[in-house]
Amino acid sequence: MTLDKVPVGAKVKVININNSPIKHRLLGIGIVPNSLIEVVRGSPLGDPRVYRVFNKLISLRNSEASSIEVEFLNDYIPLSLASDGEYIISAFSAGQQFLKKISLLGLNVNSNISIKNGEIYFKGKKINLGHGMKEKIFLRRL
Amino acid sequence: MVITVGLVGNPNVGKTSLFNRLVGARQYVANWPGVTVSKIEGATTWLNDTLHIIDLPGTYTLSSQSADEKVTRDFLFYTPPNVTVLIADSVNPQQSFYLLIELLELNSNVILVMNSIDEAKKLGIKINKFELQKHFGVPVVFTSAKTGEGIDELKNLIVEVARGKHIKKVVFDYGDLESIILKIEKEIPDSILTNKRFAAIKFLEEDKEIQKILSPYIKIDYSIVKETSTLIPSIRYSHVENIIKEAYSGKSLNYQRTINDKIDHILTHKFFGIPILLVIMYLVFKFTFDVIQPISDYLESLLSLLSSYIKSFGNNTFISLISDGVINGVGGVLVFIPNIFALFFALGILEESGYLPRAAFVVDRIMYKMKLSGRSFISLLLGFGCNVSSIMSTRGLPDEKERIGTILVSPFISCSARLPVYLMITSIFFNKYKGEVLFSIYALSILITALSAYIINKLFFKGEDVPLVMELPRYRIPTLRNIFIYMWNKGSHFIQKAGTIIFAASIVIWFLSYFPSKGHIETSYAAYLGKIFVHLLKPLGFNWQIATALLFGGVAKEVIVSSLSMLYGFAESDLISAQSLLSQSISNISAYALLVFILLYIPCFATLASIKSETGSWKWVLFSVLYSFTIAYIFSLLVVILGNLIF
């Protein structure tokens, strides 16, 4: 997966940086294999986005971020990209309103959920979440 | 003894503020040879020595990819200063320490400055100086450019290091790669490069310049180099993290995070981000061109009083030279000064506070299509006030491709000086459709600017993108001291460089309009030139009076109005006689072509002088003149041809 595909709020680990005219600058700024990157926010038009690298905020265009190969941390997988299995909710990356909405469903940090055939089950019941919501829920695989 | 000192550091670590602390306002700004990167130097005496300090462009690495990086690298590599001072950010030191390791591979007379120590203390971060000294093998000093803490200690250290004290060479180990590094070191002939370890490491990092120099001598499987090019930076960062573990303790950085994030949440907000930017730019505009304008107007009226006072002594060549030539020339420079200083005052606040990169971030998507980045948006927007301001503000752009591109297209932004000319022509020819016609001219202005940015990038920079790898620094409260130094440096640069050219051009124009007939403009050399020039403009339907007025418009676009009134012999405010005289001599279609021509044809002298002073080369000035004239001619001709077909 490349960095530009990672949803806002997620944390990832860098695997490799592909060749490009800005490769040296990316490496120098701290985007090296095994370093952690958090996607902080997008600009009003969605591109570029801000990333946190060693506590510094770095803006990258999506075309630039696409030269960076990353993978999710085991305890920080966005629900939108999780494959089938059993999970624990490890974090939410959103504001008050989202938290209210999600707690109405009974979901909290440390809730157990499972995914079967792409459907989400909570306490044995199937629940429906929009893609935007799924991007804001992070899971740890059990 | 004169000690040369190079200041090195990442962007946004407070390097410039520290430089200001060291040398005060006595700074000299120029360009590095061959590029448009600013070279800032200053000197100060300390005890019995003179410290000659060079503020090198901010960089994250010592590779040779961008113009800024190359300037810093080449300076340290080919002409190493007596002492190199690395300025690190105490709060977020990782990237700074990375650069320090690279620097220590290159030079050994290094001092590590831990800047913003006041912020670190406030956040509860504890830094062990002796651990840093032990691991890097260089003297360390804690400073704050804000409070002045540690500055004297730094000056003392500079003198001591220049005399050979304090250095303990530390070699950073690359593990398994050491054998390859050693092998390459051995293969480098003594006559080529002396700093072999640095060269070998850079070779393995795929540094293009070093590879070009060394490739004839090095036998290596290049698939190894592909791997080492990311492995070496990784190893460096693991050194950095180990050193930080040893030297740093106390609180983490969560507090600073939340405050910054909250401000960012508003200023780069999905819906409010762009409106907030526009409001801030409106305020900058208002301040630069409106609030300050009375000072310019006052200066102008003062000069015209002086000029008429001198004229009252009689009418001869000398008096005309003084009153029309010299005073006009001085005036031509003076009227810009309040605006330029006001502009840099406002930009200084935006830059110091940390807002400028956010603004670039917010609008980058729009500029990307023109092969520019969000950073040039602000420069171009300023062009609606004055193209000179626009060009002067490009000094803040970190990428050279973008800087040249922005400088060359900014004259197409319709500046405020062109408005009186549009108003005169539209009220004579298109009184009923004034708004629509003006709108079409401004729309054309934006269109040609965007198109030219694209064309110029394709022509000179092979269509390469301007990258936006950019740090959004912590917000800071700007200090007046830094803003005034910023304003003074950039403003005085304009007076020196652009001022002389504007002044000289004004004298030439006086000469052309005064001789040979002693002030009768209709029979002057200028009118004569206009009559030659008109042959070129015939297809557009212009007559010699218009051609001459356009020549004078080269001085400043608003001069076209007064020139036309002189050449036709009507009072500037007398629209009715202007109407009857002008509408007899050119058609409506040609009048619209004239509007297009005035928008696009050659930049005024002040703008050309700024292009020269900012790019440092007459080549770009010449290109600008030829390119804009060609574009103006093509588009005006299109107007005439299409107009005649339709109407």
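In this text, all values refer to a predicted model and were calculated from it rather than measured experimentally.

Here we look at the overall build of chain B
Next up, step 1: Looking only at helices and strands, chain B has 29 helices and 10 strands in total.
Next up, step 2: On C-alpha atoms alone, chain B measures out to a radius of gyration of 29 Å, which is about the 26 Å that the 2.2 N^0.38 rule sets for 647 residues.
Next up, step 3: Here the C-alpha coordinates of chain B stretch approximately 85 × 55 × 55 Å along the principal axes.
Next up, step 4: Summed over all atoms, the accessible surface of chain B reaches about 27,000 Å², with 65% contributed by carbon and sulfur.

Describing helix α13 (residues 293–311) of chain B
Residue and element names in this part refer to chain B.
Next up, step 1: The end-to-end C-alpha distance of α13 is 27 Å, a good match for the 27 Å that 19 residues give at a rise of 1.5 Å each.
Next up, step 2: Among all positions of α13, only Ser296, Leu303, Ser307 and Ile310 are buried. Mapping the buried residues of α13 onto a view down its axis gives an arc of 65°, with all of them on the same face. Exposed side of α13, more than 90 degrees from the buried face: Tyr298, Leu305 and Tyr309 are the residues found there.
Next up, step 3: Looking at the buried positions of α13, the neighbouring elements they touch are α14 (317–334) and α15 (336–353).

A short note on the pattern of salt bridges
All names here are of chain B.
Next up, step 1: Under the counting rule described, the total for this entry stands at 40 salt bridges over all chains.
Next up, step 2: Between Asp55 and Lys15 there is a salt bridge, with the nearest N and O atoms lying 2.5 Å from each other. With Asp55 in strand β4 (residues 49–55) and Lys15 in helix α1 (residues 15–23), this pair connects stretches of sequence that are 40 residues apart. No difference in accessibility class separates Asp55 from Lys15, as the two residues are buried.
Next up, step 3: Its salt-bridge partner being Asp68, residue Arg403 comes within 3.7 Å of it at the nearest N-O pair. Of this pair, Arg403 sits in helix α19 (residues 400–409) while Asp68 sits in helix α2 (residues 67–78), placing them 335 residues apart in sequence.
Next up, step 4: In this structure Arg403 comes out as buried when scored by relative accessible area, which is 5%.

What about the side chain of B:Ser17?
All names here are of chain B.
Next up, step 1: Within the secondary structure, Ser17 sits in helix α1.
Next up, step 2: Residue class for Ser17 comes out buried when judged on its relative accessible area of 15%.
Next up, step 3: For Ser17, the side chain forms a polar contact with the side chain of Asn482, separated by 3.2 Å.
Next up, step 4: Residues within four places of Ser17 in sequence aside, it is in contact with Ala145, Glu352 and Asn482.

Considering the interface of chain B and chain A
Next up, step 1: Facing the 48 residues of chain B at the interface are 38 residues of chain A.
Next up, step 2: Summed over the shared surface of chain B and chain A, the number is six salt bridges.
Next up, step 3: Residues A:Arg61 and B:Asp364 are paired through a salt bridge, measuring 2.6 Å at the closest nitrogen-oxygen approach.
Next up, step 4: If you list the elements that add at least two residues to the side of chain B that touches chain A, you get α3 (94–106), α10 (222–247), α11 (254–267), α12 (273–291), α16 (355–368) and β10 (470–472) of chain B.
Next up, step 5: Here the side of chain B that touches chain A is composed, by residue class, of 17 nonpolar, 16 polar and 15 charged.
Next up, step 6: Note that strand β4 (residues 56–60) of chain A and β10(B) share three bridges and pair antiparallel. What sits directly across from A:Ile58, in β10(B), is B:Glu471.

Considering the sheet that holds strand β5 (residues 68–72) of chain A
Next up, step 1: On the basis of which strands lie adjacent, the open sheet formed by six strands has the order β5(A)-β1(A)-β2(A)-β3(A)-β4(A)-β10(B) and antiparallel pairing. Where the open sheet ends on each side, the last strands, each with one partner, are β5 of chain A together with β10 of chain B. Across the sheet, the axes of successive neighbouring strands diverge by a mean angle of 45°, strand direction being ignored.
Next up, step 2: Sheet topology places strand β3 (residues 49–53) of chain A next to β4(A); five bridges connect them, and they run antiparallel. Looking at the pairing, A:Tyr51 lines up with A:Ile58 of β4(A).

Thoughts on the nonpolar core
Next up, step 1: Counting residues in hydrophobic clusters, the biggest one holds 116 residues, and the most contacted among them are B:Ile425, B:Leu537, B:Phe542, B:Leu550, B:Phe597 and B:Leu600.
Next up, step 2: Aside from chain neighbours lying at most four places away, what touches B:Leu537 is B:Phe542, B:Ala547, B:Leu550, B:Phe597 and B:Tyr633.
Next up, step 3: Judged by nonpolar contacts, the second largest core, of 110 residues, contains A:Ile31, A:Ile115, B:Leu56 and B:Phe136.

What about the domain arrangement of chain A?
Residue and element names in this part refer to chain A.
Next up, step 1: Under the domain assignment, chain A is made up of domain 1 (3–72) and domain 2 (77–141).
Next up, step 2: Between domain 1 and domain 2, the C-alpha centre-to-centre distance is 25 Å.
Next up, step 3: Opposite the five residues of domain 1 that make contact, domain 2 presents six residues.
Next up, step 4: Between domain 1 and domain 2, roughly 430 Å² of surface is buried when both sides are summed, and carbon and sulfur atoms account for 80% of that area.
Next up, step 5: Taken as a group, Pro7, Gly9 and Phe72 account for 78% of the area that domain 1 buries against domain 2, more than any other trio of residues on that side.
Next up, step 6: For the interface between domain 1 and domain 2, the tally reads zero salt bridges.
Next up, step 7: Between the two partners, domain 1 and domain 2, sit zero residue pairs in polar contact (both at pLDDT 80 or more).
Next up, step 8: The residue inventory of the side of domain 1 that touches domain 2, partitioned by class, reads four nonpolar, one polar and no charged.

Some points on the sheet that holds strand β11 (residues 137–141) of chain A
Residue and element names in this part refer to chain A.
Next up, step 1: Read from one edge to the other, the open sheet built from six strands follows the order β6-β11-β7-β8-β9-β10, with strand pairing classed as antiparallel. This sheet does not close on itself; its edge strands, each paired only once, are β6 (77–78) and β10 (125–127).
Next up, step 2: Bridging between strand β8 (residues 112–116) and strand β9 (residues 119–122) involves four bridges; their strand directions are antiparallel. By the bridge assignment, Lys116 is partnered in β9 with Glu119.

Observations concerning unusual backbone geometry
Next up, step 1: A:Pro48 follows A:Asp47 through a cis peptide bond whose omega is 0°.
Next up, step 2: Of note, the bond from B:Phe515 into B:Pro516 is cis; its omega dihedral lies within 30 degrees of zero at -5°.
Next up, step 3: Relative to the assigned elements, B:Pro516 resides in the loop between α22 (480–514) and α23 (525–537).
Next up, step 4: Residues other than glycine seldom take positive phi values, yet B:Lys371 does so here, at roughly 65°.
Next up, step 5: Among the secondary structure elements, B:Lys371 is positioned in the loop between α16 and α17 (375–382).

Focus on the packing of aromatic side chains
Working definition: an aromatic ring pair is given by the centre-to-centre distance plus the angle between the planes.
Next up, step 1: Using the criterion set out here, one finds 33 aromatic pairs over all chains in the structure.
Next up, step 2: An angle of 85° between the planes, with centres 6.4 Å apart, marks the rings of B:Trp620 and B:Phe623 as edge-to-face. Of this pair, B:Trp620 and B:Phe623 both sit in helix α29 (residues 618–646), separated by three residues, roughly a single helical turn. Pair check on accessibility: B:Trp620 and B:Phe623 agree, each one buried.
Next up, step 3: Clustering of aromatic rings is evident, with ring pairs tying together B:Phe533, B:Phe542, B:Phe597, B:Tyr601, B:Phe629 and B:Tyr633.
Next up, step 4: When the ring centre of A:Tyr76 is taken as reference, the NZ or CZ atom of A:Lys11 above it lies at 4.8 Å.
Next up, step 5: Above the plane of the ring of A:Tyr121 lies A:Lys116, whose end atom (NZ or CZ) is 5.2 Å from the centre.

Brief notes about the domain arrangement of chain B
Next up, step 1: For chain B, the domain assignment lists domain 1 (2–162), domain 2 (175–240), domain 3 (273–500) and domain 4 (522–646).
Next up, step 2: Taking the mean C-alpha position of each, domain 1 of chain B and domain 4 of chain B sit 51 Å from one another.

So, empty space enclosed by the protein
Residue and element names in this part refer to chain B.
Next up, step 1: Per the stated rule, a full pass over the model turns up three cavities of 30 Å³ or more.
Next up, step 2: In this structure, the second largest cavity occupies an estimated 50 Å³ of space.
Next up, step 3: Along its surface, the second largest cavity is lined by Leu104, Ser108, Phe136, Gly137, Val138, Ile167, Lys168, Lys169 and Val170.
Next up, step 4: Grouping the amino acids of the lining of the second largest cavity by side-chain chemistry returns five nonpolar, two polar and two charged.

Criteria and cut-off values
Residues numbered from 1 in each chain as written. Chains lettered and ligands numbered in written order. Predicted model: local features only at pLDDT ≥ 70, side-chain atom pairs only at ≥ 80, totals over all residues. Heavy atoms only, no water. Helix = DSSP H or I, 4+ residues; strand = E, 2+ residues; numbered from the N terminus. Rg over C-alpha atoms; globule rule 2.2 N^0.38 Å. Areas by Shrake-Rupley, 256 points an atom, 1.4 Å probe, with all protein chains shown as cover. Expected span 1.5 Å × (residues − 1). Buried < 20%, exposed > 50% of the residue type's maximum accessible area, 1.4 Å probe, protein only. Arc of directions from axis to C-beta. Contact = heavy atoms within 4.5 Å. Salt bridge = Lys/Arg side-chain N within 4 Å of Asp/Glu carboxyl O. Polar contact = N/O pair within 3.5 Å; in protein donor to acceptor, adjacent residues only side chain to side chain. Nonpolar A, V, L, I, M, F, W, Y, C, P; charged D, E, K, R; others polar. Pairing = 2+ DSSP bridges. Axes fitted to C-alpha atoms, helices over the stretch in contact; angles between N-to-C directions. Core = buried A, V, L, I, M, F, W, Y, C linked by side-chain atoms within 4.5 Å. Domains from an automatic or database assignment. Buried area = accessible area lost by both parts, 1.4 Å probe. Phe/Tyr/Trp six-rings, centres within 6.5 Å; stacked < 30°, edge-to-face > 60°. Lys NZ or Arg CZ within 6 Å of the ring centre and 35° of its normal. 1 Å grid on protein atoms, 1.4 Å probe; cavity = no way out; pocket = protein on both sides within 12 Å on 5 of 7 lines; lining within 4 Å. Points joined across faces, edges and corners; volume = space filled by probe spheres on them.

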